[in-house]
Amino acid sequence: MLRQVWTFRKCLQRSAVGLILFGVAASPSIAADRYVIDPTHTYSIFEYSHWGLSLQQGRFEKNSGFIELDLEKKTGSVQLDIDAASVSTGNSMFDSALRSGNFFDTEIYPKISFKSTSVQYDEKDNLIGLEGDLTIKNITKRVKFTLTQFRCRFMPLYFKTACGANGNAKILRSDFDVGRYTPFVSDEVTLYFSVEAIKE
């Protein structure tokens, strides 16, 4: 009987040590908080010069993805997926032209995506920039976004924490095979995004 009790105690000790080691090994992987992009409060906007007369804008209505943040370690990542066919300019004929093979060719290339490779924080631990890969029509280029606003807070509406950000970057349309009508319509385009994401 004593031998059985001694053996049982040894098993408990080994189990406890195993659980502790598992906890130490697992803790780094759950350090980052994950936020799912809220499509009802997220928009991707593009701005371009139209024959030098004015700056015109359009946007993509359907966006999805996630944000992962570890504010203590100043790390994170962003994945944003855009439904190219959701392009909207307020002009249905122009929208159809943008969906055609002359521009985004959405039947063949239905998705535009951005995946970050690095994030930048300032001395106050505010997220101020993103760098990553932007893919349009299966062409990928490195793009750097400047954040003009980033904030997280508890949202009573969701009973969860949410984060929001605004940012911008400049690209050349011709780099992504959507450069038709340059230089009359500017090759340089400013991309803006307004994004909100809810903690899982």
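Note that the structure is a prediction, hence the values are computed from the model and not measured.

The rules behind these values
- Residues numbered from 1 in each chain as written.
- Predicted model: local features only at pLDDT ≥ 70, side-chain atom pairs only at ≥ 80, totals over all residues.
- Heavy atoms only, no water.
- Buried < 20%, exposed > 50% of the residue type's maximum accessible area, 1.4 Å probe, protein only.
- Helix = DSSP H or I, 4+ residues; strand = E, 2+ residues; numbered from the N terminus.
- Pairing = 2+ DSSP bridges.
- Contact = heavy atoms within 4.5 Å.
- Core = buried A, V, L, I, M, F, W, Y, C linked by side-chain atoms within 4.5 Å.
- Phe/Tyr/Trp six-rings, centres within 6.5 Å; stacked < 30°, edge-to-face > 60°.
- Disulfide = S-S within 2.5 Å.
- pLDDT = per-residue confidence, 0-100.

Draft legend 1. Fine view of the pairing of strand S8 (residues 127–136). The buried count for S8 comes to seven of ten residues, which makes it a mostly enclosed element. Bridging between strand S7 (residues 111–121) and S8 involves eight bridges; their strand directions are antiparallel. Counterpart to Ser113 in the pairing with S8 is Thr135. Between S7 and S8, which pair antiparallel and follow one another directly, the connecting turn spans five residues, one of which, Asp125, has a positive phi of 65 degrees. Taken together, the eight bridges between S8 and strand S9 (residues 139–155) define a ladder with antiparallel strand orientation. If you follow Gly129 over to S9, its bridge partner there is Thr146. Linking two consecutive strands that pair antiparallel, namely S8 and S9, is a turn of two residues; a positive phi of about 55 degrees is found at Lys137 within it.

Draft legend 2. Spotlight on the side chain of Thr106. When you line up the elements, Thr106 lands in the loop between helix H2 (92–99) and S7. By relative accessible area, which is 12% here, Thr106 ends up buried. Thr106 has contacts with Ala84, Ala85 and Arg99, leaving out every residue within four places of it along the chain.

Draft legend 3. Region of interest: the nonpolar core. Core analysis: the largest hydrophobic core is formed by 39 residues, its most contacted members being Phe46, Leu69, Phe104, Ile112, Leu130, Leu134 and Phe145. It is strand S11 (residues 188–199) that provides the largest number of residues to this core, a total of five residues. Discounting chain neighbours no more than four positions away, the residues touching Leu130 are Val78, Phe114, Ser118, Val119, Gln120, Val143, Lys144, Phe145, Leu147 and Phe193.

Draft legend 4. Representation of the packing of aromatic side chains. Enumeration according to the criterion identifies seven aromatic pairs in this entry. Here Phe46 and Tyr48 contribute two aromatic rings whose centre-to-centre distance is 6.3 Å and whose plane-to-plane angle is 20 degrees, an arrangement assigned as stacked. Side by side, Phe46 and Tyr48 carry an identical accessibility label, which is buried. Taken together, a centroid distance of 4.7 Å and an interplanar angle of 20 degrees make the contact between Trp51 and Phe184 stacked. Taken together, the residues Trp51 in the loop between strand S2 (43–50) and strand S3 (54–60) and Phe184 in the loop between strand S10 (160–172) and S11 connect sequence positions 133 residues apart. Residue Trp51 is classed as exposed on the basis of its relative accessible area of 53%. An aromatic cluster is present here, built from Phe46, Tyr48, Phe60 and Phe104 joined pairwise through their rings.

Draft legend 5. Spatial organisation of the pairing of S2. As judged from the five bridges shared by S2 and S11, these two strands associate in the antiparallel manner. Each bridged residue has a counterpart across the sheet, and for Ser44 the counterpart in S11 is Phe193. Across seven bridges, S2 lies against S3 in antiparallel orientation. Residue Ser49 lies in a different strand from S3, and its bridge partner there is Leu55.

Draft legend 6. Seen up close, the state of the cysteines. Using the criterion set out here, one finds one disulfide in the structure. In this model, Cys152 is linked to Cys163 through a disulfide, with the two sulfur atoms separated by 1.9 Å. In this structure, the disulfide formed by Cys152 and Cys163 twists by about 100 degrees around the S-S bond and is classed as right-handed. Here the residue Cys152 occupies a position in strand S9, and Cys163 occupies one in strand S10, the gap between them amounting to eleven residues.

Draft legend 7. Local environment of the confidence of the model for the protein. Taken residue by residue, the protein gives an average pLDDT of 87. The fraction at 70 or more is 84%. With pLDDT under 50 throughout, residues 15–29 is counted as low confidence; its partners more than four residues away or in other chains account for zero contacts.

Draft legend 8. Summary view of the environment of Lys115. Secondary-structure assignment places Lys115 in strand S7. You can call Lys115 exposed: its relative accessible area is 53%. The spatial distance from the C-alpha of Lys115 to the C-alpha of Gly132 is 5.5 Å, given a sequence separation of 17 residues. Apart from residues lying up to four places away in sequence, Lys115 is in contact with Val78, Gln79, Gly132 and Asp133.

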